[in-house]
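So you can see what is in the structure, the chains are spelled out below.
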Amino acid sequence: MVFIVLFSFLVVQRLVELFIARRNERIQKEKGAHEYAPEHYKYIVLLHTAFLISLLIESSLQGFSLSPIFGILFVLFVVLQALRIWTIHSLGHFWNTKIIILPGADVVKRGPFRFIRHPNYVIVALELIVIPLLFNAYVTAVLFTILNAWLIRFVRIPAEEAALKELCNYEATFKSTPRFIPNEPERP
């Protein structure tokens, strides 16, 4: 029962986020924004869809058993959801699942963006670990953490940052803000 409730929540949440993303895409494109590096988006959708399927299959094979530390993991999950909402709210109409850039727009540096450049990617990375661990789905946790890390690190972030650097005030706004960890020392 716990699995069904949480899994249903995740599916509905992702569908609502896609609705918000499409609305924001329309709003931004009406203002002159464009989509950048669209070729990789299908892989992000595939990764997240496969994650949910893998979570369902592996959890069912485990008998939908709860982790011995379910309470701790669930609290972490709730905190991640609060951070996710804070991130989406902070970006407002600029939030999207695609790379939609409005040339000349000021880059958002409020909310969690005051502390790190990519809070949404950190949140998703942590969710891909925490959610499967709630139900002892260790293979799903490891596999999708690795796949997501590769896709985000070597494809998504380079494409997003290149577009933001070219079309917005990204470098000036985030020159002293770490990518993923608050107070992370700058690398040469």
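Look up a bit, the structure's there.
Since this is a predicted model, take the numbers as computed values, not measurements. Per chain, the residues get numbers from 1 upward, laid out in the order the sequence is written. Per-residue local features are limited, in this predicted model, to residues with pLDDT of at least 70; the limit for side-chain atom pairs, both in listing and counting, is 80 or more; totals at the level of whole chains, interfaces and linings are taken over all residues. To obtain the side-chain values, all non-hydrogen atoms of the structure were used and water was disregarded.

Peer 1: Which residues make up the environment of Glu25, and what values do they have?
Peer 2: Helix numbers and strand numbers start at the N terminus; a helix is a DSSP run of H or I with at least 4 residues, a strand a run of E with at least 2. Here Glu25 lies in helix α1 (residues 2-30). The classification of residues rests on relative accessible area computed with a 1.4 Å probe and restricted to protein chains. Under 20% of the type maximum is buried, over 50% is exposed, and intermediate values are partly exposed. Glu25 sits in the buried class, given a relative accessible area of 12%. Counting along the chain gives 40 residues from Glu25 to Ser65, while the straight-line C-alpha distance between them is 39 Å. Between two residues, a contact is recorded if the distance between any of their heavy atoms is within 4.5 Å. Excluding its chain neighbours within four sequence positions, the residues that come into contact with Glu25 are Glu35, Asn96, Lys98 and Ile100. Separated by 3.3 Å, the side chains of Glu25 and Lys98 make a polar contact. Between N or O atoms, a polar contact is any pair within 3.5 Å; within protein, one atom must be a potential hydrogen donor and the other a potential acceptor, and residues adjacent in sequence are included only when both atoms are from side chains.

Peer 1: Give a detailed account of α1, specifying residues and quantitative values.
Peer 2: A helix's residues, less one, multiplied by 1.5 Å, set its expected span. For α1, with 29 residues, the first-to-last C-alpha span of 42 Å sits near the 42 Å given by 1.5 Å per residue. Inspection of α1 places Phe3, Leu6, Phe7, Leu10, Gln13, Arg14, Glu17, Ala21, Asn24, Glu25, Ile27 and Gln28 among the buried residues, and these make up the whole buried set. Looking at the buried side of α1, the elements it contacts are β1 (34-35), α2 (41-61), α3 (70-91), β2 (100-101) and α4 (119-134). Remark: Gly32 follows α1 within two positions and exhibits a positive phi of approximately 110°.

Peer 1: Describe the packing of aromatic side chains, naming the residues involved and giving the relevant values.
Peer 2: Aromatic ring pairs: the centre-centre distance and the angle between the two ring planes describe each pair. Side-chain rings of Phe, Tyr and Trp, where Trp is taken by its six-membered ring, are said to pair if the distance between their centres is within 6.5 Å; with planes under 30 degrees apart they count as stacked, over 60 as edge-to-face, and otherwise as tilted. What the rule picks out here adds up to ten aromatic pairs. Seen in terms of ring centroids, Phe70 and Phe74 are 5.8 Å apart; in terms of plane orientation they differ by 15°. Their pairing is stacked. Residue Phe70 and its partner Phe74 are located together in helix α3, separated by four residues, close to a single helical turn. Its relative accessible area of 16% is what places Phe70 among the buried residues. Exposure remark for Phe74: the relative accessible area of 34% places this residue in the partly exposed category. Aromatic rings pair up to connect Phe3, Phe7, Phe9, Phe64, Phe70, Phe74, Phe77 and Phe135 into one cluster.

Peer 1: Before we move on, could you go through the environment of Phe9 and cite the residues and values that matter?
Peer 2: Along the chain, Phe9 turns up in helix α1. Setting aside residues no more than four positions away along its own chain, Phe9 makes contact with Phe77 and Gln81.

Peer 1: Outline the layout of surface pockets, listing residues and values.
Peer 2: Buriedness for pockets is judged along seven lines, at least five of which must meet protein on both sides within 12 Å for an open set on the 1 Å grid over protein atoms alone, while cavities are sets there where a 1.4 Å probe fits but cannot get out, and lining residues have an atom within 4 Å of a point. Grid points are joined across faces, edges and corners, and a volume is the space filled by probe spheres set on the points. By volume, the largest pocket is sized at about 1100 Å³. Lining the largest pocket are 47 residues, and of these Asn96, Thr97, Lys98, Asn120 and Arg156 lie nearest its centre. If you list the elements that add at least two residues to the lining of the largest pocket, you get α1, α2, α3, β2, α4, α5 (138-167) and α6 (170-174). When residue character is reported, Ala, Val, Leu, Ile, Met, Phe, Trp, Tyr, Cys and Pro are called nonpolar, Asp, Glu, Lys and Arg charged, and the others, Gly included, polar. In terms of residue class, the lining of the largest pocket is made up of 30 nonpolar, seven polar and ten charged.

Peer 1: Residue-level account of the pattern of salt bridges, with values.
Peer 2: Salt bridges are defined by distance alone: a side-chain nitrogen of Lys or Arg within 4 Å of a carboxyl oxygen of Asp or Glu. According to the stated counting rule, one finds nine salt bridges in the structure shown. For Glu161, the salt bridge is made with Arg117, and the minimal N-O distance between the two is 3.9 Å. Taken together, the positions of Glu161 in helix α5 and Arg117 in the loop between β2 and α4 put the pair 44 residues apart, joining distant regions of the chain. Here Glu161 matches Arg117 in class, with each residue buried.

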